[in-house]
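# Observations on chain architecture
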Amino acid sequence: MLEIKDLHVSYGGIQALRGVSLNVPDDKIVTLIGANGAGKSTLMRTISGLVKAQSGSILWNGQELLGKPIDQIVASGIAMSPEGRRVFADLTVVENLKIGAYLRKDKAETEKDLEWVYSLFPRLKERSWQSAGTLSGGEQQMLAVGRALMSKPKLLMLDEPSLGLAPIVVREIFDIIRTVNQQGITVLLNEQNANMALKVADYAYVLETGTLTLSGTGAELLADENVKAAYLGKKRADRA
Amino acid sequence: MAAKFLPYLLAGISVGGQYALIAIGYTMVYGILRLINFAHGDIFTVAGFLMVYATASLPLTVSIPLVIAATVLLGIAVEKVAYKPLRTAPRMSVMISAIGMSYLLQNLMWYVTGGLAKQYPALPWISDTVTVLGCQTKRVTVITPFLVIVLVAALVTLIQKTKIGMAMRAASRDFETAQLMGIKINNVISFTFAVGSFLAAIGSMMYFSNYTAVTPTVGAMPGLKAFVAAVFGGIGSIPGAVIGGFLIGICESLIKGAGATTFSDAFTFALLIVVLAVKPTGLFSENLTEKV
């Protein structure tokens, strides 16, 4: 269980988060939707330790994460697939996956997880000896997700996994998100593709200029008039 | 004709190998920090002085490993003091810090040595004279290229096959994502400086076995030439640095053999200008994707 309380973060001279409080319960898919620059990425980057918070608290199974070094946060079971995929282009696919397990010492288990990731993304297995830079955008996104899974996380954070991908690939990625979640991995998802994200989400939050403005189950937000107007590209009923 | 140039060719291969060992240090640090570590040539010189002082009171079997270890620690310390605090600073600031570090080391050496040239100890066996194809030379001349090849092969294996090598390759392209994998970036950087300084220490032992006077500024010239070698080979590329080192060493030496000693240094720097003008990315340009 991840509990964020009154989180304030200033990033690049901007007050990116102003008192955000939210919970990510175990075994659920929680999604954050919001426009570009609303603070979604900053929130994830603060959880993973890349960005320092000004105040507030992030409790992970009761432990304070703020102030911890990144590698300890990863070791505690939180993995992130960053926005823009950021695969290591010069490394091969299999090396990218192995580097995801960088902190793990259990070799036999790591090998098993490699096979598990390959079973989720058979295309990565076919291309395991290719350098990651030669993969298509969709394959790179699969690799970025697979790489994050290789650390054997309890919480998987995905920052804009559908960005710039063809709809069919987006659907594939979302299928995988559901699959890994059913296998007991909690998922925190940042998405601009609100429609897809809300359909898979157990719970969802709307972030606007650094504050949470709305929350509810995925289905509730899908039905919400304001969300429809702002994020789902549908006109408000009263104006239609 | 061939007999006349053979000694120069041998000397060139040897000094080229020494440049190569120093050049690897430049290129590896550049690969990971995008920084020209101007203090690297001075670390090479410090290693020379350390050897002079160590052998004054210790046997070689102790002083050689001791000097290597101390040089490695110096390289790591330079990074921690001069570059680590500037991790998020603009590149220009780090470069100025590197130049400052270079002068600091040079002046410390003046202070400690009093500016007098010190005689580098003769290392048994490798300083012995041998005859190769009819020309007399020190054994170090013959050994250097082989030693360089062995060290480079070991280094390439380290980078391609080991976990820390994989971390170095990842970090050299994307610090942030490497950190998200749990890689401790500062450890990887320290390790890179350690490897570079280790090779500089070995290079210094080879170099000063040939040119036996150690002064505080004696490392500046081989340091600069190794830097040119790294740029020529394509900075960031290890094979490039090695080939650049050998090529510059051999050309320089042959120019001396042709009787134009005065121009041998000029050649190296003219080469730098030509490379920067014609192909600034060098022979083996890595596809430089700018770091975000």
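Residues numbered from 1 in each chain as written. Chains lettered and ligands numbered in written order. Predicted model: local features only at pLDDT ≥ 70, side-chain atom pairs only at ≥ 80, totals over all residues.

### Some details on the overall build of chain B
Per the secondary structure count, chain B includes 11 helices and four strands. What you see for chain B is a C-alpha radius of gyration of 19 Å, in line with the 19 Å of a compact globule of 292 residues. Each of the three principal axes of chain B carries a C-alpha extent, and together these read 60 × 45 × 35 Å. Looking at the 292 residues of chain B, the share that counts as buried comes to 47%. Within chain B, contacts between residues separated by at least 24 positions form 76% of all contacts whose residues are at least 6 apart in sequence. (Helix = DSSP H or I, 4+ residues; strand = E, 2+ residues; numbered from the N terminus. Rg over C-alpha atoms; globule rule 2.2 N^0.38 Å. Buried ≥ 20, exposed ≤ 12 C-beta atoms within 10 Å, placed from the backbone. Contact = placed C-beta atoms within 7 Å.)

### What about the nonpolar core?
Counting residues in hydrophobic clusters, the biggest one holds 154 residues, and the most contacted among them are L156(A), M157(A), A20(B), A23(B) and A229(B). Examining the composition of this core, we find that 15 residues originate from one element, helix α1 (residues 2–33) of chain B, more than from any other. If sequence neighbours within four positions are ignored, L156(A) has contacts with A79(A), A148(A), L149(A), V180(A), I185(A) and V187(A). (Core = buried A, V, L, I, M, F, W, Y, C linked by C-beta atoms within 7 Å.)

### Structural notes on the interface of chain A and chain B
Put simply, an interface is often sized by how much accessible area is lost when its parts join up. On the side of chain B, 15 residues touch chain A, which itself brings 19 residues to the contact. Elements that contribute at least two residues to the side of chain A that touches chain B include exactly α2 (70–75) and α3 (93–100) of chain A. When residues of the side of chain A that touches chain B are assigned to their parent elements, the largest contribution, four residues, is made by α2(A).

### A few points about the environment of V148(B)
Residue and element names in this part refer to chain B. In this structure, V148 sits in helix α5 (residues 139–161). When the 26 C-beta atoms within 10 Å are taken as the criterion, V148 is described as buried. In sequence terms V148 and I24 are 124 residues apart; their C-alpha atoms lie 11 Å from each other. Residues within four places of V148 in sequence aside, it is in contact with G17, A20 and L21.

### Some details on unusual backbone geometry
Residues and elements named next belong to chain A. If you check the backbone angles, R86 has positive phi at about 50° while not being a glycine. Secondary-structure assignment places R86 in the loop between β6 (78–81) and α3. Given 19 C-beta atoms within 10 Å, R86 falls into the partly exposed group. Non-glycine residue K152 carries a positive phi angle of around 55°. Within the secondary structure, K152 sits in the loop between α6 (137–149) and β7 (155–159).

### A short note on the sheet that holds strand β3 (residues 29–33) of chain A
Residues and elements named next belong to chain A. Spatially, β6-β7-β8-β3-β9-β10 is the arrangement adopted by the six strands of the open sheet, whose pairing is mixed. The sheet terminates laterally at β6 and β10 (211–217), the two strands that pair on one side only. Neighbour-to-neighbour, the strand axes of this sheet turn through a mean angle of 15°, independent of strand direction. As judged from the five bridges shared by β7 and strand β8 (residues 186–191), these two strands associate in the parallel manner. Pairing of D159 across the sheet is with N190, part of β8. Here α6 sits on the sheet in contact with β6 and β7, set at roughly 170° to β6. Against the sheet, helix α7 (residues 167–182) contacts β3, β7 and β8, and its axis sits at roughly 155° relative to β8. (Pairing = 2+ DSSP bridges. Axes fitted to C-alpha atoms, helices over the stretch in contact; angles between N-to-C directions.)

Nothing here speaks to function; it is geometry throughout.
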